[in-house]
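Breakdown of the fold
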Amino acid sequence: MTTFSFAHPENFKYQSRTIGIVVFPGVESLDITGPFEVFNFANLGLGQHGIDCDPIYTIKLLGRSPGPVATLSGLQIVAEDIYGDTSTEYDTLLIPGGDISQELHNRELLDWIAAMAPKVRRIASVCTGAFLLAEAGLLDGRIATTHWHYSQQLAECYPNIQVEADRIFIKHGHIFTSGGITSGIDLALALLEEDWGRDLALFVARFLVVFLKRPGGQSQFSSYLSNEAFQRTDLRELQSWIIANLHTELKVETMAERLAMSPRNFARVFLNETGMTPAKFVETARIDQARHFLETTEQSIESVAKKTGFKDPERMRRTFIRQLGINPQNYRQRFGQAASVIGQAWQQ
């Protein structure tokens, strides 16, 4: 059994908490099961060590009606209770994401979320669940995040929200929003730490073999290809050429010359078309290619830095820390090792 010492957080108040997790057709199953297991292992951890035999968290899955609900992957999840009753007491409400297209027009759900928000101690979303909080009017004037792929859409649809795409989760008041899918686990660990302290949260994180506080943000999982020029084919061709020539010195003047533009006009057009400066695109492409080498090869850090145009390891290290919040060595340990294990399993 894992050695475990437990210390209460400051201002600790012992109490059992009920967590309601909404389920609906097309919900992303991991948005539900990830946080569910965090709270479940918290119950098991304290119980196994004789600290408390009663569950500290009671988790209820809430649907439009009791019974099985088909998730986005087809996995069936059973709702044991219904949402809609504002008299039911919950400590925390969790709104997952997935295919929310129908739920954005589900006034019963949206009105219930809005009515429950001031009644619960906290309300949280995972992934595109942020759109449901936004549609219920809970994110106006707040800072929020969602899956990086949908962050721009969230900002455009709800301009009163300050969207920060590179955050794993954000707390603003008693409302939490988190990024894409697995970030629901990060969020749940943060909620657990807030309730019971770092010791229990760390115990659960170790048992689940995840970081208590993951290094870097969602940006380490996103792709610069989301900034592809969408109107000008000559710019898209240039972007492809840049990606194929990252090992060379890519000055603005060189790129502008390929499009027969002045450097100033080229920089303006590139920014308007892609939402990022030429220099930022080159840097992001280099990071993406370096990540690929770190994840899938055993090439030295020096070799990766040279091949991706960073020239030297120190420059690549500074860029990784600034953009991803993690240095190349730690990135390889975290993601390269997992890739290696997957590769070995596949070969077997």
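Reference entry: report on the structure contained in this document. (Residues numbered from 1 in each chain as written. Predicted model: local features only at pLDDT ≥ 70, side-chain atom pairs only at ≥ 80, totals over all residues. Heavy atoms only, no water.)

The helix and strand inventory of the protein stands at 13 helices and eleven strands. The proportion of buried residues among the 348 residues of the protein is 46%. Counting only contacts in the protein whose residues sit at least 6 apart along the sequence, the fraction spanning at least 24 positions is 64%. Here the protein has roughly 17,300 Å² of accessible surface; of this, 51% comes from carbon and sulfur atoms. (Helix = DSSP H or I, 4+ residues; strand = E, 2+ residues; numbered from the N terminus. Buried < 20%, exposed > 50% of the residue type's maximum accessible area, 1.4 Å probe, protein only. Contact = heavy atoms within 4.5 Å. Areas by Shrake-Rupley, 256 points an atom, 1.4 Å probe, with all protein chains shown as cover.)

Attention shifts here to the sheet that holds strand β11 (residues 175-178). Pairing in this open sheet of seven strands is mixed, and the strands run β5-β2-β1-β6-β7-β11-β10 from one edge to the other. Strands at the two margins of the open sheet, each flanked by one partner only, are β5 (81-82) and β10 (169-172). Packed on one face of the sheet, helix α2 (residues 107-116) meets β1 (17-22), β2 (57-63), β6 (92-95) and β7 (122-125) and runs near 145 degrees to β6. (Pairing = 2+ DSSP bridges. Axes fitted to C-alpha atoms, helices over the stretch in contact; angles between N-to-C directions.)

As a further point, take the packing of aromatic side chains. In this structure the tally under the stated criterion is eight aromatic pairs. Between Tyr-83 and Trp-112 the ring centres are 5.9 Å apart and the planes differ by 35 degrees, which places this aromatic pair in the tilted class. Here Tyr-83 is found in the loop between β5 and β6, whereas its partner Trp-112 is found in helix α2, with 29 residues between them in sequence. Across the pair, Trp-112 and Tyr-83 agree in class, each one buried. Considering the side-chain rings of Phe-131 and Tyr-158, the 6.3 Å spacing of their centres and the 70 degrees angle between planes classify their relative orientation as edge-to-face. With a gap of 27 residues between them, Phe-131 in helix α3 (residues 129-135) and Tyr-158 in the loop between α4 (151-157) and β9 (162-163) connect regions that are remote in the sequence. No difference in accessibility class separates Phe-131 from Tyr-158, as the two residues are buried. Among the aromatic residues, those joined into a ring-pair cluster are Phe-41, Phe-203 and Phe-207. Geometry around Trp-241 places Arg-258 over its ring, the cationic atom sitting 4.1 Å from the centre. Directly above the aromatic system of Phe-293 lies the positively charged group of Lys-307, at a separation of 5.7 Å from the ring centroid. (Phe/Tyr/Trp six-rings, centres within 6.5 Å; stacked < 30°, edge-to-face > 60°. Lys NZ or Arg CZ within 6 Å of the ring centre and 35° of its normal.)

The next subject is the pattern of salt bridges. Overall, the coordinates contain 19 salt bridges when judged by the stated rule. Close ionic contact of Glu-194 with Arg-121 constitutes a salt bridge, the shortest N to O distance being 4.0 Å. Of this pair, Glu-194 sits in helix α5 (residues 183-196) while Arg-121 is found in the loop between α2 and β7, placing the two residues 73 residues apart along the sequence. Residue Glu-194 is classed as partly exposed on the basis of its relative accessible area of 34%. (Salt bridge = Lys/Arg side-chain N within 4 Å of Asp/Glu carboxyl O.)

Here we come to the packing of helix α7 (residues 233-244) against helix α9 (residues 263-274). As a packed pair, α7 and α9 sit with axes 11 Å apart at the nearest point and diverge in direction by 95 degrees. Classed by the angle they form, the pair α7 and α9 counts as roughly perpendicular. Contacts between α7 and α9 pair Leu-235, Leu-238 and Gln-239 from the former with Phe-266, Val-269, Phe-270, Glu-273 and Thr-274 from the latter. Each residue belonging to the contact of α7 with α9 can be placed in one class, and the counts come to five nonpolar, two polar and one charged. (Parallel < 35°, antiparallel > 145°, perpendicular 65-115°, else oblique. Nonpolar A, V, L, I, M, F, W, Y, C, P; charged D, E, K, R; others polar.)

Attention shifts here to the pairing of β2. Most of β2 sits inside the fold, with five of its seven residues counted as buried. Direction of pairing for β2 relative to β5: parallel, over a ladder of two bridges. Counted as the bridge partner of Leu-62 is Asp-81 from β5.

Packing of α5 against helix α6 (residues 198-208) brings their axes to within 7 Å, and their N-to-C directions diverge by 150 degrees. Across from Leu-189, Leu-192, Glu-193 and Trp-196 in α5, the residues of α6 making contact are Arg-198, Leu-200, Ala-201, Val-204 and Ala-205. Class assignment for the residues of the contact of α5 with α6 results in seven nonpolar, no polar and two charged.

As a further point, take the nonpolar core. Core analysis: the biggest nonpolar cluster contains 62 residues, and Trp-112, Ile-113, Leu-192 and Leu-200 have the highest contact counts within it. Tallying contributions element by element places α5 first for this core, with seven residues. Residues contacting Ile-113, with those up to four places away along its chain left out, are Ile-95, Ile-123, Leu-133, Ala-136 and Leu-138. Met-255, Ala-256, Leu-259 and Phe-266 belong to the second-largest nonpolar core, a separate cluster that totals 16 residues. (Core = buried A, V, L, I, M, F, W, Y, C linked by side-chain atoms within 4.5 Å.)

Of note, Ile-181 is a non-glycine position whose phi angle comes to about 50 degrees, a positive value. Here Ile-181 shows up in the loop between β11 and α5. The class for Ile-181 is partly exposed, based on a relative accessible area of 27%. The backbone of Ala-260 shows a phi angle near 55 degrees, a positive value even though the residue is not glycine. Turning to its location among the elements, Ala-260 is positioned in the loop between α8 (252-258) and α9. Under the relative-accessibility criterion, Ala-260 is labelled exposed at 72%.

Here α5 contains 14 residues, and its C-alpha end-to-end distance of 20 Å stays within 8% of the 20 Å for a straight helix at 1.5 Å per residue. Of all 14 residues in α5, twelve are buried, a share of seventy percent or more. What α5 keeps buried is the set Ser-183, Gly-184, Ile-185, Asp-186, Leu-187, Ala-188, Leu-189, Ala-190, Leu-191, Leu-192, Asp-195 and Trp-196. Note on α5: the residue one or two positions beyond its end, Gly-197, has a positive phi of about 100 degrees. (Expected span 1.5 Å × (residues − 1).)

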